[in-house]
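Remarks on the overall topology
Below are the chains, spelled out letter by letter.
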Amino acid sequence: AKYDSIVNAATGNVYGVGVELAQGKEGMKVIASDVEPTGPAARGGLQPNNVFVEVDGMRFDDGRATPDDVAVVVRGPEGSRVGVVVEREGKTVDFILTREPIKITSVRSYVGEKSGVSGKVGVVRIKNFSGTTAETVKAELESLKKKGAQNFVLDLRGNPGGLLPGGVDTASLFLEANKPVVFVVDKKGVVDAQSTLVDGIDLDSPLVLLVDKNTASAAEVMTAALKENQRATLAGEQTFGKGIVQTIRQLEGGEDGGVAVTIARYETPEHHDINKQGIPVDVKASVDCGKEDALTCLPKEAFRKL
């Protein structure tokens, strides 16, 4: 189930209902942590934080189900129907949804205001990194500035990483030329030093990164680059601590599984190895606010000028 989920997410070949799954905080329950705004689930009325009870007759309320277990059953052939039963505020709700190709929106933005902070705040939520993330974030920043945003938050909660170049290129948007971003060290000890090539598009606006214990890998590369180059304030809770570069190799003789192979490790601009350590935050803050309400988590002190 895990292998199928990784491959589908990486290739984009997903026929589903447009819901992101996560392990609930109370007990081993699988919840809808996010719902794609234009997907079948949203159109049908499924909401974030709904608890999955049953999918196509298969029960998932025994306390042993994982998000990958549920995902495999939710996905299926394009145009086919799937029955979903969720729990919401103590009541069960039934849905019949039609599976569609799902275009996962990995970057979203919105403008808000924060008491005690001068000017509007533009929030960019990055769910994971791909080869196009930096260009998308750049476009969102330009849009937010047109809407009057003078301060910015990058919401990286739950971001497991993705493609390393996506994290490197996104960090570069906020850094001057010739700043170190990451050092990738292969198994032979050969170091690939990756630095910014040109000035980014925003070098001065107050910038806050909101992270949690599930912020990992390429998201940590970006986080460390902006923190250690004194470009951003880090708020939330200590990050996950995945400082290795892995590739997924399919097992020989079939499509039934794969193995994660570590091919390198990375070090931060200050040469810290954060694997199994994580990155400590500058400002401790709640990480439990809504996915579209990051400003509720952040104290005004996080928006200090560096």
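What this report covers is the structure whose coordinates are included nearby.

General note: in soluble globular proteins, nonpolar side chains tend to be found buried as a group. One finds Val 124, Leu 154, Val 181, Leu 207, Leu 209 and Leu 226 to be the most contacted residues of the largest nonpolar core, which totals 38 residues. For this core, the elements supplying multiple residues, two or more each, are strand E10 (120-126), helix H4 (133-146), strand E11 (149-155), helix H5 (164-172), strand E12 (180-186), strand E14 (207-211), helix H6 (218-228) and strand E17 (258-267). Here the element with the most residues in this core is H6; it accounts for seven residues. Sequence-distant contacts of Leu 226, defined by excluding residues within four places in its chain, comprise Leu 154, Ala 171, Phe 174, Leu 175, Leu 207, Leu 209, Arg 231 and Ala 232.

Our focus in this paragraph is the sheet that holds E17. Backbone-to-backbone hydrogen bonds pair the strands of a sheet. The strands run either parallel or antiparallel. Pairing within the open sheet is antiparallel, and its four strands lie in the order E13-E12-E17-E16. Edge positions in the open sheet fall to strand E13 (191-195) and strand E16 (244-250), since each of these has one partner strand only. Each strand axis lies, on average, 30° off the axis of its neighbour in the sheet, ignoring direction. Alignment of E12 against E17, held across four bridges, turns out to be antiparallel. Considered in E17, the bridge of Asp 186 is made with Ala 264.

We now examine the pattern of salt bridges. One pass over the structure, following the stated rule, counts 19 salt bridges. Residue Lys 127 pairs with Glu 20 through a salt bridge whose shortest N-O separation is 3.0 Å. Of this pair, Lys 127 sits in the loop between E10 and H4 while Glu 20 sits in strand E2 (residues 19-23); the two residues are 107 residues apart in sequence, bridging distant segments of the chain. Owing to a relative accessible area of 10%, Lys 127 belongs among the buried residues under this scheme. The salt bridge partner of Arg 64 is Asp 62, with a shortest N-O separation of 3.6 Å. Under the relative-accessibility criterion, Asp 62 is labelled partly exposed at 43%. The network of salt bridges with common partners includes Glu 20, Asp 34, Glu 36, Arg 108, Arg 125, Lys 127, Lys 291 and Glu 292.

Tallied over the entire structure, the rule returns one disulfide. Cys 289 shares a disulfide with Cys 297; S-S distance 2.0 Å. Where Cys 289 bonds to Cys 297 through sulfur, the torsion about that S-S bond is close to -120°, and the disulfide is left-handed. Cys 297 carries the same exposure label as Cys 289, and that label is buried.

Strand order in this open sheet of six strands is E9-E10-E11-E14-E15-E18, and the pairing throughout is mixed. Taken across any chain shown, the strands that pair with only one partner, and hence form the sheet edges, are strand E9 (107-112) and strand E18 (283-284). Here E10 runs beside E11; their pairing, made up of six bridges, is parallel. Its bridge partner lying in E11, Val 121 is registered against Asn 151.

With that out of the way, let us pick up H5. Residues separated by three or four positions in an α-helix point in the same direction, a consequence of the helix having 3.6 residues per turn. Extensive coverage of H5 is indicated by the burial of seven of its nine residues. Considered for burial, the residues of H5 that qualify are Leu 164, Gly 166, Gly 167, Val 168, Thr 170, Ala 171 and Ser 172.

Positionally, Glu 267 belongs in strand E17. A polar contact of 2.7 Å, which involves the side chain of Glu 267, links it to the side chain of Arg 265. A distance of 2.9 Å separates polar atoms of two side chains, one belonging to Glu 267 and the other to His 271. Setting aside residues no more than four positions away along its own chain, Glu 267 makes contact with Val 182, Phe 183, Val 185 and His 272.

Right, let's get into the side chain of Glu 36. As for its position among the elements, Glu 36 is in the loop between strand E3 (30-35) and helix H2 (40-44). If we skip the residues at most four places from it in the chain, Glu 36 touches Gly 18, Ala 42, Ile 102, Lys 103, Ile 104, Thr 105, Arg 108 and Lys 127.

Scoring rules and cut-offs
Residues numbered from 1 in each chain as written. Predicted model: local features only at pLDDT ≥ 70, side-chain atom pairs only at ≥ 80, totals over all residues. Heavy atoms only, no water. Core = buried A, V, L, I, M, F, W, Y, C linked by side-chain atoms within 4.5 Å. Buried < 20%, exposed > 50% of the residue type's maximum accessible area, 1.4 Å probe, protein only. Helix = DSSP H or I, 4+ residues; strand = E, 2+ residues; numbered from the N terminus. Contact = heavy atoms within 4.5 Å. Pairing = 2+ DSSP bridges. Axes fitted to C-alpha atoms, helices over the stretch in contact; angles between N-to-C directions. Salt bridge = Lys/Arg side-chain N within 4 Å of Asp/Glu carboxyl O. Disulfide = S-S within 2.5 Å. Polar contact = N/O pair within 3.5 Å; in protein donor to acceptor, adjacent residues only side chain to side chain.

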